[in-house]
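So the chains spell out like this:
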Amino acid sequence: MGSAKKSSAARSARIEEMRRAEQARERRTRILVIAASVVVVAGLVAGTVVLVQSQSDDGGGSTASDGKNAGEFVTGKDGVRAWKGELGRNHVTKAVDYPVTPPVGGDHNPVWMNCNGDVYTDELNNANAVHSLEHGAVWVTYNASAGEADVEALAAKVKKTPYTLMSPVDGQKDPIMLSAWGHQRTVTGADDPDVDAFLAKFVQGEQTPEPGAACTNGLSK
């Protein structure tokens, strides 16, 4: 029991530290936005040129390649599936053909979904959600087979946990799934102890390609 209390206290302290860091980043972002407004016109002109060149370079296709996502899941003793293979990290503005649903990494949109305990009731653009995973977020997803009580309980848990987001994904094979960059698992419900275990390990965990990157000031849909 003592060990469990220490673990809970440590996790609460880590979440509070991330929250303070996020607030500091938001203050810095506001300052940068004010400074950047001075050169926005010149940036728009340059961006137009780059966009035209980019569209020319990628052939103007509407669907991206697999983003170096070739590989497969290997399931560990703890039930967590780890992706064995290279995951692309390029920023792309076109759709990405991910090999698994929900995706656990790969090329993604330049703009992330807000993941500061954000709960979405509509399906998300995978390419934006993958960017959130790159920032160290855990993505809680469910399909139509998930129980209403479980969805509500998970939403309450997500809202209290920075660096998480939640949304429906009708195409996933199991009712409730948890995803982090390069990792994924299925859980039986909101009271499954594996939910807290996954959050404790993968929220801003060692798998994070960009630890400390923002989970706010992105898309809120």
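Residue numbering note: each chain is counted from 1, following its sequence as written. Given that the model is predicted, a residue must reach a pLDDT of at least 70 before its local features are reported, and side-chain atom pairs must reach 80 or more before they are shown or counted; all residues, however, enter totals for whole chains, interfaces and linings. Note: side-chain values were computed over all heavy atoms of the structure, leaving out hydrogens and water.

Asks: Just checking my understanding: could you explain the state of the cysteines for this structure?
Replies: Defined simply, a disulfide is a covalent bond joining two cysteines at their sulfur atoms. Sulfur atoms of two cysteines make up a disulfide when they are within 2.5 Å. Taken as a whole and judged by the stated rule, the model has one disulfide. Put simply, cysteine 115 and cysteine 215 are joined by a disulfide, and their sulfur atoms are 1.6 Å apart. Its S-S torsion of approximately -90° makes the covalent link between cysteine 115 and cysteine 215 left-handed. Within this pair, whereas cysteine 115 is found in the loop between strand E2 (81–85) and strand E3 (116–119), its partner cysteine 215 is found in the segment after helix H5 (193–202), the two being separated by 100 residues in sequence. Throughout, exposure labels follow a simple rule: accessible area from a 1.4 Å probe, protein chains only, divided by the maximum for the residue type, with under 20% read as buried, over 50% as exposed, and the rest as partly exposed. Residue cysteine 215 is classed as buried on the basis of its relative accessible area, which comes to 0%. Every helix listed is a DSSP run of H or I at least four residues long, and every strand listed is a run of E at least two residues long, numbered separately from the N terminus.

Asks: Quick question: what am I supposed to make of the environment of glycine 189 here?
Replies: With respect to the helices and strands, glycine 189 occurs in the loop between strand E7 (183–186) and H5. Each C-alpha atom, one on glycine 189 and one on isoleucine 176, is 6.9 Å from the other, the two residues being 13 residues apart in sequence.

Asks: Can you walk me through helix H4 (residues 148–159) in this structure?
Replies: Between the first and last C-alpha of H4 there are 17 Å, a value that for twelve residues agrees with the 16 Å anticipated at 1.5 Å per step. Taken together, the buried positions of H4 are occupied by Val151, Leu154, Ala155 and Val158. Each buried residue of H4 sits inside an arc of 105° when the element is viewed along its axis, so together they form one side. Residues of H4 that are exposed and point over 90 degrees away from its buried face: Ala149 and Glu152. What makes two residues a contact is simply this: any of their non-hydrogen atoms within 4.5 Å. The inward-facing, buried residues of H4 contact E3, strand E4 (138–142), strand E5 (164–168), strand E6 (176–180) and H5. Take the number of residues in a helix, subtract one, and multiply by 1.5 Å to get its expected span. Each C-beta atom gives one direction from the helix axis, and the arc is the one those directions make.

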